[in-house]
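What follows is the residue order along each chain.
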Amino acid sequence: MSEIFEGYERQYCELSASLSRKCTAALAVDGEQKKQKISEIRAGLEDADSLIRKMDMEARNLQPNVKAVLLAKLREYKSDLNNLKTEVKRMGSGNLNASARDELLEAGMANSLTASADQRLRLMTTTEKLNQSGDRINDSRRTMLETEELGVSILQDLHQQRQSLLHAHNTLHGVDDNIGKSKRVLTAMSRRLNKNKWIIAAIVAVLVVVIGLILYFKLK
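Residues numbered from 1 in each chain as written. Predicted model: local features only at pLDDT ≥ 70, side-chain atom pairs only at ≥ 80, totals over all residues. Heavy atoms only, no water.

An unreviewed UniProt entry lists the chain under the name Vesicle transport v-SNARE N-terminal domain-containing protein, from Salix brachista. In the Sequence similarities (unreviewed entry) part of its UniProt record, the chain is described as follows: "Belongs to the VTI1 family." (UniProt positions renumbered as here; feature names shortened; annotations may be inferred.)

Following this line, the structure appears as structure tokens:
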């Protein structure tokens with residue numbers, strides 16, 4: 001349900017109960033006091049009409065299933081308000097006899113008690129709904145904080161993993177450099193070995209030639 005509608009409803013219920021009490025009080029006085037109270041009641045009725053209009057506008061902007069429930073409730077409020085207007089009109093006419101006055105006084109007291117009971121019930125229901133909404137908000141806030149903490153933890157883990165990957169990448173890069181250097185050293189050593197082989201082969205060939213010449217001259 002709309003929180004805005006509930007706010008208007010709470011104001012209307014409080015105002016309606018107050019107007020019912022003022023009607024009862026107006027029936028117990030005469031003269032200028034009565035006129036003053038009736039004037040106050042009429043001003044309150046205008047405020048009640050304004051709240052009814054605001055609730056009606058708010059209800060019509062809601063979803064169809066919610067709107068139907070609120071408009072049904074509004075019809076009850078409009079009926080209560082019309083009853084109050086009728087009662088105030090009768091009080092302001094000045095044509096009440098003692099019996100009618102007593103009847104209105106008793107009816108006003110009954111209406112006041114009924115309105116107070118209805119008011120308490122509505123306020124209790126509204127308070128309970130507000131408490132439930134507050135609990136849902138607190139649950140959502142806790143869930144949001146837990147999600148935020150989880151997100152921070154995941155980001156920290158990802159950062160650590162990134163650092164580990166960068167370190168591993170640097171290590172692999174160093175290994176590649178070492179492998180390249182080792183390869184160059186081995187290539188140089190292989191070239192030297194080949195060169196040495198050729199030198200040794202040349203020396204051996206020279207020695208063979210020299211020995212051959214020595215033997216040749218001795219035997220000759």
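Here the narrative resumes, following the displayed structure.
Undergrad: Tell me about the overall build of the chain, and please be specific about residues and values.
TA: The secondary structure content of the chain amounts to four helices and zero strands. Beginning at the N terminus, the succession of helices and strands in the chain can be written as α-α-α-α. Looking at the chain as a whole, 21% of its 220 residues qualify as buried. Residue pairs in contact within the chain that sit at least 24 positions apart in sequence constitute 78% of those at least 6 positions apart. (Helix = DSSP H or I, 4+ residues; strand = E, 2+ residues; numbered from the N terminus. Buried < 20%, exposed > 50% of the residue type's maximum accessible area, 1.4 Å probe, protein only. Contact = heavy atoms within 4.5 Å.)

Undergrad: Could you give me a rundown of the packing of aromatic side chains, with the residues and numbers involved?
TA: A ring pair, where both rings are aromatic, is described by two values, the distance of the centres and the angle of the planes. Tallied over the entire structure, the rule returns two aromatic pairs. Here the aromatic rings of Tyr-12 and Tyr-77 are separated by 5.0 Å at their centres, their planes lie at 45°, and the arrangement is tilted. Residue Tyr-12 is located in helix 1 (residues 3-27), and its partner Tyr-77 is located in helix 3 (residues 64-93); the two are separated by 65 residues in the primary sequence. This pair shows no difference in class: Tyr-12 is buried, exactly as Tyr-77 is. Considering the side-chain rings of Tyr-216 and Phe-217, the 5.5 Å spacing of their centres and the 70° angle between planes classify their relative orientation as edge-to-face. (Phe/Tyr/Trp six-rings, centres within 6.5 Å; stacked < 30°, edge-to-face > 60°.)

Undergrad: Which residues make up the confidence of the model for the chain, and what values do they have?
TA: Mean pLDDT for the chain: 79, with 80% of residues reaching 70 or above. Looking at the elements of the chain, mean pLDDT is at its lowest for helix 4 (residues 98-219), recorded as 75, and at its highest for helix 2 (residues 31-60), recorded as 88. (pLDDT = per-residue confidence, 0-100.)

Undergrad: Give me a nonpolar patch on the surface: which residues, what numbers.
TA: On the surface, Ile-199, Ile-203, Leu-207, Ile-211, Leu-215 and Leu-219 cluster together to form a nonpolar patch covering roughly 610 Å² of accessible area. For Ile-199, the location among the structural elements is in helix 4. Residue classification places Ile-199 among the partly exposed positions, given a relative accessible area of 41%. (Patch = residues over 30% accessible without salt bridge, like charges linked within 9 Å, V, L, I, M, F, W, Y side chains within 5 Å. Areas by Shrake-Rupley, 256 points an atom, 1.4 Å probe, with all protein chains shown as cover. Salt bridge = Lys/Arg side-chain N within 4 Å of Asp/Glu carboxyl O.)

Undergrad: Outline the UniProt feature "transmembrane region" (unreviewed entry) in the chain, supporting the account with residue identities and numerical values.
TA: The positions that UniProt labels "transmembrane region" (unreviewed entry) are, in the present scheme, residues 198-217. For residues 198-217, helix accounts for 100% and strand for 0%, while the C-alpha atoms at its two ends are 29 Å apart.

Undergrad: Run through the nonpolar core, naming residues and quoting values.
TA: Counting residues in each nonpolar core, the largest one holds 24 residues, and the members touching the most others are Tyr-12, Ile-41 and Met-91. When residues of this core are traced back to their parent elements, those giving at least two are helix 1, helix 2 and helix 3. In this view, Tyr-12 contacts Ala-48, Leu-51, Ile-52, Met-55, Tyr-77, Asp-80 and Leu-81; residues no more than four positions away in its chain are not counted. (Core = buried A, V, L, I, M, F, W, Y, C linked by side-chain atoms within 4.5 Å.)

Undergrad: Tell me about the pattern of salt bridges, and name the residues and values.
TA: Applying the stated criterion to the full structure yields three salt bridges. A salt bridge links Lys-73 to Glu-9; the nearest nitrogen and oxygen atoms lie 3.2 Å apart. With a gap of 64 residues between them, Lys-73 in helix 3 and Glu-9 in helix 1 connect regions that are remote in the sequence. By relative accessible area, which is 5% here, Glu-9 ends up buried.

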